[in-house]
Every structure is written in structure tokens, then in C-alpha cells.
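Single-letter residue listing:
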Amino acid sequence: MANSSSGKWWENATVYQIYPKSFFDSNGDGIGDIEGVRRKLGYIKSLGVDIIWLCPYLKSPQADNGYDVSDYYEIDPIFGNKEDLRKLIDECHATGLRFVMDMVTNHSSDEHEWFKKARAGDEKYMDYYYFKDPVDGREPNNWESIFGGSAWEYVPSLNKYYLHLFHRKQPDLNWTNPEVVDNVVRVMKYWGEFGVDGFRLDAINYLYKDPAFPSVETRPGQKYGFGGQYYSSKPQVNEYFARLNRDVFTPFDMMTVAEVGDMDPERAREYCGKYQPEIDMVYMYDMLNFDQEGYDKFKPVPFEVKKFKETIFRWQDEFRDVGRMALFLSNHDQTRNVGRFGDDSPRYRYRSSQAQALAMYMLKGTPYIYQGEELAMSFLDYEKIEDFNDIEVEFTYGEKVVKGGEPFEKWLRLYNTRSRDIGRSPMQWDDSENAGFSTGKPWQKVNGEYVKVNVAAEDKDPASTLNFYRKLLPLRKTLKSVQYGSVTPFDYDSESTFCYVREYEDEVTVCRSNLTARRTRTPLPEGEYEILLSNTGRSGRLSGSIELMPYEALLAIRK
Ligand code: GLC
Ligand code: CA
């Protein structure tokens, strides 16, 4: 079904996601910062994006790199101060960029004032979180934390457990307590007044937990199990959204994007349809997880083009007339797409990443480009466990290698190709020391590929992925069929190509990507087409079937 314009300011926008810790360090302490982002606004503008989403920079002990906030009104000094943020936001606005803030309110840090008081036994604040009595001398139930182990942490002085769906340093806030909701509204208003243009709402479908906290069935031999059926995407969450929308999102004319985990397309249709109009779009965490066993990213299965198509087109179909989806290939929680879904060898790195980008970003929805993706940054080459930082690595290393005796080499390979650290290695600006990211010692090791894969080198190379993104993203905006049109796959049974037609009124565009190194013949829907974008130097007119070269990407419009 073809939609027409909603007239919202963000409607045809493209988002660039920045992980501030790893983007650019302005003062040589090895940690990327807010001023570093400001200094790179010219680069960001050159990509043709409209909005930046900056990952968390509020005060935090950094157990989960800022996704554990200890003060919602202060900036963490490692990132700078409010003056720096003021300058960044003002300069964004002056150059026509908008600024979206990452808002983490499913949980706070355990070092937040509220939690410190709660842990000291202050009942008012205990009710800001979920404190429960032991059951038979054990955890209140058998829910598993998303980062591994029990979702409950024992506090001996209280003889109670508290709930943490994520890390133990991220206690879940109790949204059934109206005071908590009032506090969140106050925080959001504060940043709205400060000038942020929207929020990315972290882990937001987990806000409501079944008050009975029932245990779940576990897999054989497992102590804990995924409790999502009791806390994921409950209808009560929509009531919270209605409140936030009324008090904050609408009055400040914000763009909002809800991160939603563990959701299949059918449920998402039902659920996200109901988000509207409280939330503008949803960021489906699960869209790319088809190359692993269930929720276990460390059990990868080989990439198949057909599975990729099946998954993506199913999401597209469910969202054809409800909601709006985020389109993405990578983020700070995912590995790098070029190696994951393609070929990061020197021969095909550019082309392969370009074919993926064309396949994804001409679909219906809002593109979210993650820093470094536009360079085709890829897997890590770390050798020591100390090179990694993420809590998922820490947990699995302890369980599998230290306790379980599994070979370190096996896990090292997994960490270099699947872990969250991959997306968090410093941005590669040039081939100087530390990839031009910092003059100090980077908080996380630079990926050795930086000598070849970096902004300065790609800037000069007309065939680079960077220059391909610079053409692709602005092009999207000139095409009505891409903004509003229907999506119809073709050549669907092919094991190599990712092809679809976008159609709106009398405009018809076709997207064809070969996601493999095999040459392959693809048909072309009826008519004569003019090529708008190619990664192999093809130009001019097309009709009938053609043979696509390895990792060829082609966008054409009907004449
Ligand atoms: C989201 C974030 C992730 C974080 C988690 C807990 O999934 O993207 O980085 O660890 O929420 O806040
Ligand atoms: Ca710094």
C-alpha cells in the first residue's frame, strides 16, 4: 500500500548513529567525546545524513558504556560538559542537522542516588526498583539476565534480591510506581528544553513486568531461562507511551524511535501498530539475527541470501501499512555487516558492502547508518582477552573458557567476528597512529585494518564505500517511489540476488544487488530503465535481463 507524506520533519531523514566513546577524541585522553563529535560535523554532513543519534553520554560508571546512568541531569566528565553539548547541538541546528538523544530508562545505574538509597533500606526508593524476598532461600524466579546468569542480585543487608534484566549494575526501574514515571517525564522535559530533537528509547518494550514474576521453563541442563513472555512488550507499555507522548514528545515536536528486542514480525505488526501515533518508529533489534541459533549470537549459522531476503521482506510486508521501521545493517550491539553478510577481503570489501547498502537502504523505512559502516569497517584482529571490553565477552569467557575449559582460540574467533566490541573499536580517520582517533592511548584497541580502511583513503578513492554512501543517501531523497512507494520483490528464488521494485504513482525504481561472488542473470520488470547508481561503472539505459557481476549493485528508474 502506498502511503503519502505525513508532513513530519523527520519523514525523509536519514540517521547517523554515533558511539561517542569511539568516534573522535578531542583532548587526547583516549576517549572519544562530545567536542570530538562537533569537530567532525563537516564529515557527518558530507554523508548526506540529516539526524545524529548520539549513544549515551550522561553521568555513568560506564559498566555498560553509559547504558547505566547514575545522573540523568549531568554529562559524564569523560565526554565533556553541558557547554560542549550546547555547542554541539547549536552547531547541528545551524548546519541543518537534528540531534537525537539515547534515553535509557528501563534501568538506572546501581550508582544512581535512588538506588543507593534503596540499597540502604529506604522504602520509598526501594519501590523505585524491584526488590523481592528470597523464595526457598533462592532468587525470586529463574529469569536469565540478557547478559547471562541470573536476573536477580542478592543484597545481604536487606535479605532481598533486586531485578536486573541486563547487568547487575543496571537495576530495573519500577514503572508501576507513578513517581518513577513522573521522574522520567521530568528528565525528558529537561532535555527537550535543552534542545534535543528526539529520543532513541532504549530497551523500551521491557518497561512492564508481570507482577507475579512467574518462573519460566528452561532448556535441559539450564538453571535460568528467558522470561520475555512475562516482561516483553506488554500492553501496559503503550499506556506509558501515551503519557510520554502527551507530556513530552508532542509538545517538543520530537522524533522518537523505540528499540524493541525479541519480537517476530507478526507480533511486531500487532504491537507496533498500537504504538502509533505515540511513537514514530521502531528499531527492530531482531531484524538481523537470522544468521545465528535463536538468541545466541555466539552460535552463528552460515549466511544465506535467501534467508536474508525472507527475513527482511517479511518485516517489510508486516509494516506495509502500520508503523514505520528502522533500516539498518549494523549498530553498537552488532558485528560489522560487510564481513557478516558478505566478503571483507581486499578484492570485494567495497563492492560487497555497497551491494548490502543498496539492498537495505532503498527499502521502506528510515535508514540508520552506524559510524564506520560507511567505510566498510569489518571484524577485529585482537589476540588477547584483555583487548576486549564488553560484559558479554567477560561473562562468556568466565563461563566457557575459565570454568568450562573450552579452547580460547574458538572463543577468540567468535569474539573477533560476533561480539559487541567489534562495533566499538575506534573510528578510523586516517593511517596515522591510532587511526587518527586520538593522540593518547585509545580506551579500546584500534582495529589493525585501519592502515587501509580509513576516511582519508576512501575520501580520495572514487570506488570507495564512503563515496558510494555519499551518492546513495542523497539519492533516496529525490525519489518519491523510495519514500512512499510499495515494495515488491522479484527474482525472489535466486540464491544470489536481492531485488525489488519500488512504485509510487507513475514513478518506478528497481534495486538489484548481487550479494555473492557468483555472476548471475537477473530479469528486469517490463520497460526501459535508466541507471541512477552503480558500483561497477555501468551507466545508460537497461531493458530485459542482465548478468550481474560479483557483488554488483544497481539502481535504475523507469523511463
Ligand atoms: C540496549 C543497548 C545496549 C545496552 C542495553 C541495556 O539494547 O543498545 O547497548 O547494553 O540496551 O541498556
Ligand atoms: Ca576525550
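Draft legend 1. How the structure looks around the overall build of the protein. Each helix and strand counted, the protein has 16 helices and 23 strands in total. Its C-alpha atoms give the protein a radius of gyration of 23 Å, within 12% of the compact-globule value 24 Å for 559 residues. Projected onto the principal axes, the alpha-carbon positions of the protein cover approximately 75 × 55 × 50 Å. Residues counted as buried form 61% of the 559 residues belonging to the protein. For the protein, restricting intrachain contacts to residue pairs at least 6 apart in sequence, the fraction spanning at least 24 positions comes to 71%. Working note: accessible area of the protein is about 21200 Å², and carbon and sulfur atoms make up 47% of it. Counting 72 positive and 89 negative side-chain charges, the protein places the centres of these two groups 2 Å from one another.

Draft legend 2. Focus on the site of ligand 1. For ligand 1, the set of nearby residues contains 14 residues, the closest of which are Asp-64, Asp-202, Glu-259, His-332 and Asp-333. Contact distances for ligand 1 include 2.8 Å between an oxygen atom and a side-chain N or O atom of Asp-202. In the complex, the protein chains occlude 98% of the 310 Å² of accessible area that ligand 1 would expose alone. Partitioned by chemical class, the residues of the shell around ligand 1 number four nonpolar, three polar and seven charged.

Draft legend 3. Molecular detail of the sheet that holds strand S6 (residues 131-132). Pairing is antiparallel in the open sheet, where three strands are placed in the order S6-S8-S7. Two strands in the sheet have a free side with no partner beyond their single neighbour: S6 and strand S7 (152-155). In this structure, S7 lies alongside strand S8 (residues 160-163), joined through four bridges in antiparallel fashion. In the sheet register, Glu-153 faces S8, and the bridge partner there is Tyr-162.

Draft legend 4. Region of the structure containing the side chain of Asp-102. By the secondary structure assignment, Asp-102 is in strand S5 (residues 98-103). Engagement of the side chain of Asp-102 in a polar contact is seen with the side chain of Trp-53, the distance being 2.9 Å. Not counting the four nearest positions on each side in its chain, Asp-102 is found in contact with Trp-53, Leu-54, Cys-55, Pro-56, Tyr-67, Arg-200 and Asp-202.

Draft legend 5. Region of the structure containing the packing of helix H3 (residues 82-94) against helix H6 (residues 178-194). Across the interface, H3 lies against H6 with an axial gap of 11 Å and an inter-helix angle of 55°. Regarding the angle of H3 to H6, the classification is oblique. Every residue of H6 that contacts H3 at Lys-82, Leu-85, Arg-86 and Ile-89 is listed here: Tyr-190, Trp-191 and Phe-194. Within the contact of H3 with H6, the residues separate by chemical class into five nonpolar, no polar and two charged.

Draft legend 6. Structural detail: the environment of Gly-323. Residue placement: Gly-323 occurs in the loop between helix H9 (305-318) and strand S14 (326-328). Judged by relative accessible area, which is 24%, Gly-323 ranks as partly exposed. Residues Gly-323 and Glu-35, 288 residues apart in the sequence, show an inter-C-alpha distance of 35 Å.

Draft legend 7. Here's a closer look at the pattern of salt bridges. Tallying each qualifying case throughout the model produces 46 salt bridges. Taking the shortest distance from any N to any O, the salt bridge between Asp-197 and Arg-98 comes out at 3.3 Å. Of the two residues, Asp-197 is situated in the loop between H6 and strand S9 (198-201) and Arg-98 in strand S5; the sequence distance between them amounts to 99 residues. Arg-98 sits in the partly exposed class, given a relative accessible area of 30%. Salt bridges sharing partners connect three or more residues here, namely Asp-64, Asp-333, Asp-390, Arg-420 and Arg-424.

Draft legend 8. The arrangement of the packing of aromatic side chains in detail. A complete count under the given rule lists 55 aromatic pairs for this structure. Following the ring pairs from residue to residue traces out a cluster consisting of Tyr-130, Trp-143, Phe-147, Trp-152, Phe-166, Tyr-206, Phe-213, Phe-226, Tyr-230, Tyr-231 and Tyr-295. The side chain of Lys-21 reaches across the aromatic face of Trp-443, ending 4.5 Å from its centre. The side chain of Arg-86 reaches across the aromatic face of Phe-194, ending 4.4 Å from its centre.

Draft legend 9. Examining the sheet that holds strand S21 (residues 541-542) more closely. Pairing is antiparallel across the open sheet formed by six strands, whose spatial order is S16-S17-S18-S23-S20-S21. Edge positions in the sheet fall to strand S16 (486-490) and S21, since each of these pairs with one other strand and no more. Strand direction decides the pairing type here: S16 and strand S17 (residues 497-504), joined by five bridges, are antiparallel. Within the sheet, the bridge partner assigned to Phe-490 lies in S17 and is Cys-499. Sheet contacts for helix H11 (residues 349-361): S17, strand S18 (507-514), strand S20 (529-534) and strand S23 (553-558); angle to S18, the most-contacted strand, approximately 145°.

Draft legend 10. How the structure looks around the pairing of strand S11 (residues 281-284). On S11, burial covers both faces: Met-281 and Tyr-283 on one face and Val-282 and Met-284 on the other are all buried. Relative to S11, strand S10 (residues 255-260) is paired through four bridges, and the arrangement is parallel. When the sheet's bridge partners are listed, Val-257 is paired in S11 with Met-281.

Draft legend 11. Structural view of the environment of Thr-497. Inspection of the secondary structure puts Thr-497 in strand S17. Setting aside chain neighbours within four positions, we find Thr-497 in contact with Val-305, Lys-309, Asp-491, Ser-513, Asn-514, Thr-520, Thr-522 and Leu-548.

Draft legend 12. Spatial organisation of the packing of H11 against helix H15 (residues 465-478). Orientation of H11 relative to H15, taken along the N-to-C sense of each, is 15°, at an axis distance of 10 Å. Of the possible angle classes, the one that applies to H11 and H15 is roughly parallel. You can see that H11 and H15 cross each other, and the crossing is right-handed. In this structure, H11 uses Arg-349, Tyr-350, Ser-353, Gln-354, Ala-357, Leu-358 and Tyr-361 to contact H15, whose residues at the interface are Thr-465, Phe-468, Tyr-469, Leu-472 and Arg-476. The class makeup of the residues in the contact of H11 with H15 is seven nonpolar, three polar and two charged.

Draft legend 13. Quick peek at the nonpolar core. Formed by 136 residues in total, the largest nonpolar core has its most connected members in Tyr-16, Ile-44, Trp-191 and Phe-199. For this core, the leading source of residues is H6, giving eight residues. Counting residues in hydrophobic clusters, the runner-up holds 15 residues, among them Tyr-130, Trp-143, Phe-213 and Tyr-231.

Draft legend 14. Looking closely at H15. For H15, with 14 residues, the first-to-last C-alpha span of 21 Å sits near the 20 Å given by 1.5 Å per residue. Within H15, ten of the 14 residues are buried, which leaves it mostly tucked inside the rest of the structure. Burial in H15 covers these residues: Thr-465, Leu-466, Asn-467, Phe-468, Tyr-469, Arg-470, Leu-472, Leu-473, Leu-475 and Arg-476.

Draft legend 15. Expanded view of a nonpolar patch on the surface. Among the surface-exposed residues, Ile-146, Phe-226 and Tyr-295 lie close enough to one another that they form a single nonpolar patch of about 290 Å² accessible area. Positionally, Phe-226 belongs in the loop between S9 and helix H7 (236-249). What makes Phe-226 partly exposed here is its relative accessible area of 35%.

Scoring rules and cut-offs
Residues numbered from 1 in each chain as written. Chains lettered and ligands numbered in written order. Predicted model: local features only at pLDDT ≥ 70, side-chain atom pairs only at ≥ 80, totals over all residues. Heavy atoms only, no water. Helix = DSSP H or I, 4+ residues; strand = E, 2+ residues; numbered from the N terminus. Rg over C-alpha atoms; globule rule 2.2 N^0.38 Å. Buried < 20%, exposed > 50% of the residue type's maximum accessible area, 1.4 Å probe, protein only. Contact = heavy atoms within 4.5 Å. Areas by Shrake-Rupley, 256 points an atom, 1.4 Å probe, with all protein chains shown as cover. Lys, Arg positive; Asp, Glu negative; His and termini not counted. Charge placed at Lys NZ, Arg CZ, Asp CG, Glu CD. Near = heavy atom within 4 Å. Polar contact = N/O pair within 3.5 Å; in protein donor to acceptor, adjacent residues only side chain to side chain. Nonpolar A, V, L, I, M, F, W, Y, C, P; charged D, E, K, R; others polar. Pairing = 2+ DSSP bridges. Axes fitted to C-alpha atoms, helices over the stretch in contact; angles between N-to-C directions. Parallel < 35°, antiparallel > 145°, perpendicular 65-115°, else oblique. Salt bridge = Lys/Arg side-chain N within 4 Å of Asp/Glu carboxyl O. Phe/Tyr/Trp six-rings, centres within 6.5 Å; stacked < 30°, edge-to-face > 60°. Lys NZ or Arg CZ within 6 Å of the ring centre and 35° of its normal. Left-handed = near helix turned anticlockwise from the far one by under 90°. Core = buried A, V, L, I, M, F, W, Y, C linked by side-chain atoms within 4.5 Å. Expected span 1.5 Å × (residues − 1). Patch = residues over 30% accessible without salt bridge, like charges linked within 9 Å, V, L, I, M, F, W, Y side chains within 5 Å.

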